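# Coordinate analysis (summary)
Each chain, written out:
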Amino acid sequence: MKHHHDLYEKNKAIFDMKKYWLNPQITTFSSEIKEINGRLIRLNENYFYPEGGGQPPDHGVISTETTQSSVIDVQEIDNEVWLKLNKNEFQPNEIISAKIDKSRRINLSRNHTSQHLISAIFMEDFEYDTVKATIDLKSSEIEFDKKLNWDILEKGINKVNSHILQSHPINSKFFDKENISDLKLRGNISDLHSIYRIVEIKDVDLNPCGGTHVENTSEIQIVAVRKLENNKLKFISGHDAEAYLTKQTKLIYKISNLIKTSPKSIFQELERIYTNNIDMKKELLKNKHDILNLQLRNTVSKNIHNFTLIYSFVNQIERSIILSYYGEINFDKIILIEDQNSTFFVLTGSQNLTSDLSKYLKNIGLKGGGQGNFIMGNNPTKFKLIDLIETYLSSS
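Note that the structure is predicted; figures quoted are calculated from it, not measured.

Our next topic: the sheet that holds strand S2 (residues 40-43). Taking strand neighbours around the barrel as the criterion, the six strands line up as S1-S2-S5-S4-S3-S6 in a closed arrangement whose pairing is antiparallel. The sheet shows a mean angle of 45 degrees between the axes of neighbouring strands, direction not considered. Pairing analysis gives five bridges linking strand S1 (residues 28-37) to strand S6 (residues 95-100), with the strands arranged antiparallel. Its bridge partner lying in S6, Ser31 is registered against Ile96.

Next comes the structure, spelled out in structure tokens:
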């Protein structure tokens with residue numbers, strides 16, 4: 001990446017703290033420990049990226065001839081970059097060797113550049129502004145200012161991948177307050193230091209950013225959509241995207257073989273199967289209602305105080321069928337159904353009555369429970385349930 005040498009000397013302290021701006025490809029270096037605070041250390045010259053701007057921090061290892069520690073976190077605190085170690089046996093002014101986790105750096109840089117490219121294309125072509133970006137090792141996320149649809153998404157991602165193949169160089173440009181106002185930038189500038197870093201995707205995007213990036217769009221290889229939910233887009237890039245698309249392709253062909261149709265006709269065939277399944281379920285439910293209706297013809301109805309108790313006996317109780325058959329019933333009705341397995345089902349028009357009745361039956365020894373307006377359980381006693389409920393209603 002290119003940088004402006006004329007600003008370097010003026011802002012040397014910042015560049016020494018953030019050498020990854022100038023040379024993001026460097027992942028091994030030596031430096032002097034400038035300050036120690038418990039497990040936190042600050043280096044004289046630093047290439048570790050601190051968490052910020054939606055991008056996680058670098059990880060790695062620092063060592064001397066006698067000791068070694070893992071860098072488990074990197075944070076910028078009061079305009080200084082601090083490395084957090086799993087253990088600290090180092091001394092101030094000690095010279096250390098540092099090794100940044102290269103695979104982690106490359107993945108995060110690739111995904112961060114992918115995000116810039118996606119955000120730029122969707123702003124330029126469809127006027128979708130990026131509200132928030134979260135970069136991760138695998139699946140990263142962009143939150144736009146309005147809901148996305150699949151038609152726009154397909155066009156946008158196709159154009160993103162086209163730009164990746166065009167091998168646009170990516171440069172870092174640095175400006176001070178006096179000469180940054182004339183730039184046409186996509187993102188907003190935050191007043192961090194006396195210098196501003198702009199990441200340029202040649203001929204595509206200019207955006208203020210402090211994160212790490214690849215040096216050419218070709219290093220992204222490919223971007224793939226992982227998930228679309230309202231205005232949030234989850235995406236992956238590089239080898240992860242290639243592996244994901246390969247897996248999805250295999251899955252498509254497995255489904256194609258299973259339902260015996262061509263890959264391009266899968267959606268229409270699944271839609272047909274889904275519609276047929278709904279129709280079959282409706283028909284099955286109707287048949288079960290018809291069977292239940294036949295079994296409910298021999299009912300016993302009793303008027304007790306202000307309630308009507310309706311008793312029936314069926315071959316087998318199916319809760320969902322009974323509930324869909326009766327729907328909501330009047331508050332003065334109580335439906336009692338038993339089957340040959342000693343299972344019982346009570347449906348009332350009042351949740352309070354159902355709750356009180358449930359407690360009463362449990363106290364007698366019946367097992368079961370329910371929710372809302374019904375009770376379902378088993379009657380292991382020799383008592384007739386209709387008599388028990390009639391006794392309860394007569395005494396209440």
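Now that the structure has been shown, the text picks up again.
Time to look at the pairing of S6. Because side chains alternate across S6, one face comprises the buried residues Ile96, Ala98 and Ile100, and the other comprises Ile95, Ser97 and Lys99, none of which is buried. As paired elements, strand S3 (residues 60-63) and S6 share four bridges and run antiparallel to each other. Bridge pairing in S6 links Val61 to Lys99.

A few words now on the sheet that holds strand S11 (residues 205-208). Pairing in this open sheet of three strands is antiparallel, and the strands run S9-S10-S11 from one edge to the other. One side of each edge strand has no neighbouring strand; the edge strands of this open sheet are strand S9 (170-175) and S11. Each strand of the sheet is rotated relative to its neighbour by a mean of 25 degrees, with strand direction disregarded. In this structure, S9 lies alongside strand S10 (residues 196-201), joined through six bridges in antiparallel fashion. Bridged to Phe175 within S10 is Tyr196. In the packing of helix H2 (residues 102-126) onto the sheet, contacts are made with S9, S10 and S11, and the angle to S10 comes to roughly 75 degrees.

Turning our attention to the pairing of S3. Where S3 meets strand S4 (residues 68-77), four bridges bridge the pair, whose relative direction is antiparallel. What sits directly across from Gly60, in S4, is Val71. Joining the antiparallel neighbours S3 and S4 is a turn of four residues.

On to helix H8 (residues 385-395), then. Where H8 is concerned, the buried positions are Leu385, Ile386, Leu388, Ile389, Tyr392 and Leu393. Along the axis of H8, the buried positions cluster into a sector of 160 degrees, meaning they face one direction only. Elements that come into contact with the buried residues of H8 comprise strand S14 (300-304), strand S15 (307-314), strand S16 (333-339), strand S17 (343-348) and helix H7 (351-364).

Reading the values: the criteria
Residues numbered from 1 in each chain as written. Predicted model: local features only at pLDDT ≥ 70, side-chain atom pairs only at ≥ 80, totals over all residues. Heavy atoms only, no water. Pairing = 2+ DSSP bridges. Helix = DSSP H or I, 4+ residues; strand = E, 2+ residues; numbered from the N terminus. Axes fitted to C-alpha atoms, helices over the stretch in contact; angles between N-to-C directions. Buried < 20%, exposed > 50% of the residue type's maximum accessible area, 1.4 Å probe, protein only. Contact = heavy atoms within 4.5 Å. Arc of directions from axis to C-beta.

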